[in-house]
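Architecture at a glance
Below are the chains, spelled out letter by letter.
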Amino acid sequence: MEFSKINTPQRVKVALLGCGTVGGGVIRLLRDNAEHLAARVGAELEIAHVLVRDTSKQRVPECLPGWLTTDPEVVLNDPSVDVVLELMGGEHPAKSLVERALESGKGVVSANKFLLAKHGPALIARAAQRGVDLAFEASVGGGIPVIRTLRDSLTSDWVSSIHALLNGTCNYILTRMRQEGLPFESILADAQRLGYAEADPALDVDGHDAAQKLVVLAMLAFGAELVGEVHTEGIRDLDETDFRFAERFGFTIKHLAVGIDRGEQLELRVHPALVPQANPLASIHGVLNGVFIHGRALGPCLLVGRGAGEMPTAVSVVADLVDVARARVEGASGLATRAIRTKKKQLMPLGELEARYYLRFDVRDEPGVLGTIASELGKHNISVEQMVQEGRGSPGATVPVLMITHRSREAAVDAALSAVAKAGFLARKPRLLRIEEF
Ligand SMILES: NC(=O)c1ccc[n+]([C@@H]2O[C@H](COP(=O)([O-])OP(=O)(O)OC[C@H]3O[C@@H](n4cnc5c(N)ncnc54)[C@H](OP(=O)(O)O)[C@@H]3O)[C@@H](O)[C@H]2O)c1
């Protein structure tokens, strides 16, 4: 059904900032589900403008050429626009456009994790002050309703921890490395060919994308406005040996985003980790994302789904649009956003973490090596639960020595590894992977 044929008493005018992957999906969904959406909102949703950089680029066929503009003032100075959908990404000019839209009393929906991670609390405060809504379901987990779950569904409880797979590219690469035993670079190249990884994969495979999303989740789950940087590690260094031994010890390797409420402090970190094979996150494969939330009263809750892509992400953006538009129609703008409260929280130093560790030493195969490693670990009060030394090579060849420690403090493990590194028999830096049991 065409928008113009719907017989509803009111219209809510919508402007899109950006019409790329997500914007195209949003326009398509608004078109395909127009009647159903109008019934939910209590008014017809009508696109007024679509801001892009280049009007000559090919767009989804549902995007009418008359909507396109390259001038943000056309959108911001149009008083009839009720809701702005920020689907352009990045910090500038997205931040100032969102700020101006909020100032002029428009509701805003954003899919921009970078913007929300860096400026979320300030933008939320600005929206609340102005009595309008800022909604951002699509900024984390694509089509998975995790923001709404934390903001609304769990508002009656305290979230004690989150363990999440927030980057589909990392999960895809690690899944295939485990299944096929191939090196990181060859799976990455394949993922790029298949469209599961960007031409510049750094944001994903070095962990920054997941770290930004974790900051957004922490803002809602723990009411946190962070002071400090989330400890972030990527997946480039992992290899077939790590997967083989993780399996042998009963684990699988996942790229995890971890958030734990530690009272006055927050434990937030993003890194590859060993997860027990029986843990539900261990069986979330490929590009899927998963968010395992633990609430004090609720207990465990697992959300799984497609964390990116045109239509899953559009589903989240349009769901936000429906909420923001309906609030305007019913004269309740800003209520949902005003309920989000944040306060400054310090991050727990990583050295204070206590966990079991997987340690890997690639050593020259010579007498005394194992004794030196054991002695340095012992000096730092680290006891070893399991150890494997892979078959002996020719004299002087490099062989891996793998260990699982008992629970230890990370600062002590770091100190022991530095001492071992000075002994001169390592072929490369020791590998430390945290074991996550939750
Ligand atoms: N793609 C996903 O699966 C996904 C999932 C979740 C969240 N997100 C988030 O959604 C947002 C959009 O992602 P996307 O993948 O749709 O990006 P995209 O395909 O690169 O599209 C970006 C759009 O914004 C427009 N744009 C960018 N800078 C502009 C500027 N300065 N002035 C005017 N227009 C500008 C571009 O115009 P032109 O087309 O003319 O270049 C393009 O239409 C990002 O914040 C992203 O992190 C994406």
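In every chain, residue numbers begin from 1 and rise along the written sequence. Per-residue local features of the predicted model are confined to residues with pLDDT of at least 70, and side-chain atom pairs are confined, for both listing and counting, to 80 or more; whole-chain, interface and lining totals are unaffected and use all residues. Side-chain measures here rest on the full set of heavy atoms in the structure, leaving out hydrogens and waters.

**Considerations on the overall build of the chain**
- The helix count covers DSSP runs of H or I at least four residues long, the strand count covers runs of E at least two residues long, and both are numbered beginning at the N terminus. A tally of regular secondary structure across the chain gives 15 helices and 19 strands.
- Atoms counted for the radius of gyration: C-alpha only. Globule rule: 2.2 Å times the number of residues to the power 0.38. Relative to the globule expectation of 22 Å for 438 residues, the C-alpha radius of gyration of the chain, 25 Å, shows essentially globular dimensions.
- Considered along the principal axes of its C-alpha atoms, the chain spans approximately 85 × 45 × 35 Å.
- Counting over 438 residues, the chain shows a buried share of 54%.
- Contact criterion: two residues are considered in contact whenever any of their non-hydrogen atoms come within 4.5 Å of each other. A separation of at least 24 residues holds for 75% of the contacts in the chain among residues at least 6 apart in sequence.
- Reported accessibility uses the Shrake-Rupley method at a 1.4 Å probe radius. Residues are deemed covered only where the shown protein chains occlude them. Total accessible area on the chain is roughly 18500 Å²; 50% of this is exposed by carbon and sulfur atoms.
- Here the chain holds 49 positive side-chain charges and 54 negative ones, and the gap between their average locations is 1 Å. A simple rule labels every residue: compare its accessible area, found with a 1.4 Å probe on the protein chains alone, to the largest value its type can have, and call it buried under 20%, exposed over 50%, or partly exposed in between. Asp and Glu are treated as the negative residues and Lys and Arg as the positive ones, with His and the ends of the chain left uncounted. For this purpose, a charge sits on NZ of Lys, CZ of Arg, CG of Asp or CD of Glu.

**Focus: the site of the ligand**
- Around the ligand, a shell composed of 22 residues is seen, among which Cys-19, Val-22, Lys-57, Arg-59 and Gly-309 lie nearest.
- One nitrogen or oxygen atom from the main chain of Cys-19 is found 2.8 Å from an oxygen atom belonging to the ligand.
- A distance of 2.7 Å is found between an oxygen atom of the ligand and a backbone nitrogen or oxygen belonging to Gly-309.
- More than half of the atoms of the ligand fall within 2 Å of the grid points belonging to the largest pocket.
- Classifying every residue of the shell around the ligand gives ten nonpolar, seven polar and five charged. Here a residue counts as near a molecule or strand whenever at least one of its heavy atoms sits within 4 Å of it. As used in this structure description, the phrase polar contact means that two N or O atoms lie within 3.5 Å; if the pair is within protein, one of them must be able to donate a hydrogen and the other to accept it, and residues adjacent in sequence are counted only when both atoms belong to side chains. Buried and open spaces are told apart on a 1 Å grid over the protein atoms alone, a cavity being a set of points where a 1.4 Å probe fits but cannot get out and a pocket being an open set with protein on both sides within 12 Å along at least five of seven lines. Residues with an atom within 4 Å of a point are the lining residues. To decide whether a molecule occupies a pocket or cavity, check its atoms: if more than half lie within 2 Å of the grid points, it is inside. Lys, Arg, Asp and Glu make up the charged group, whereas Ala, Val, Leu, Ile, Met, Phe, Trp, Tyr, Cys and Pro make up the nonpolar group; the residues left over, Gly among them, are polar.

**Section: the pattern of salt bridges**
- When a carboxyl oxygen of Asp or Glu lies within 4 Å of a side-chain nitrogen of Lys or Arg, that pair is called a salt bridge. A complete count under the given rule lists 40 salt bridges for this structure.
- A salt bridge links Glu-233 to Arg-434; the shortest N-O distance between them is 3.1 Å. You can see Glu-233 sitting in the loop between strand E9 (231-232) and helix H11 (240-248) and its partner Arg-434 sitting in strand E19 (residues 431-435), a full 201 residues away along the chain.
- The class for Arg-434 is buried, based on a relative accessible area of 2%.
- The closest approach of N and O atoms between Glu-410 and Arg-434, which form a salt bridge, is 2.7 Å. Highlighted residues: Glu-410 in helix H15 (residues 410-422) and Arg-434 in strand E19, separated in sequence by 24 residues.
- We classify Glu-410 as buried; its relative accessible area is 2%.

**Considerations on the side chain of His-49**
- For His-49, the location among the structural elements is in strand E2 (residues 44-51).
- Judged by its relative accessible area of 13%, His-49 falls in the buried class.
- In this structure the side chain of His-49 is engaged in a polar contact, spanning 2.7 Å, whose partner is the side chain of Asp-78.
- For His-49, the contacting residues outside a window of four places in its chain are Val-14, Ala-15, Leu-16, Trp-67, Val-74, Val-75, Asp-78 and Val-81.

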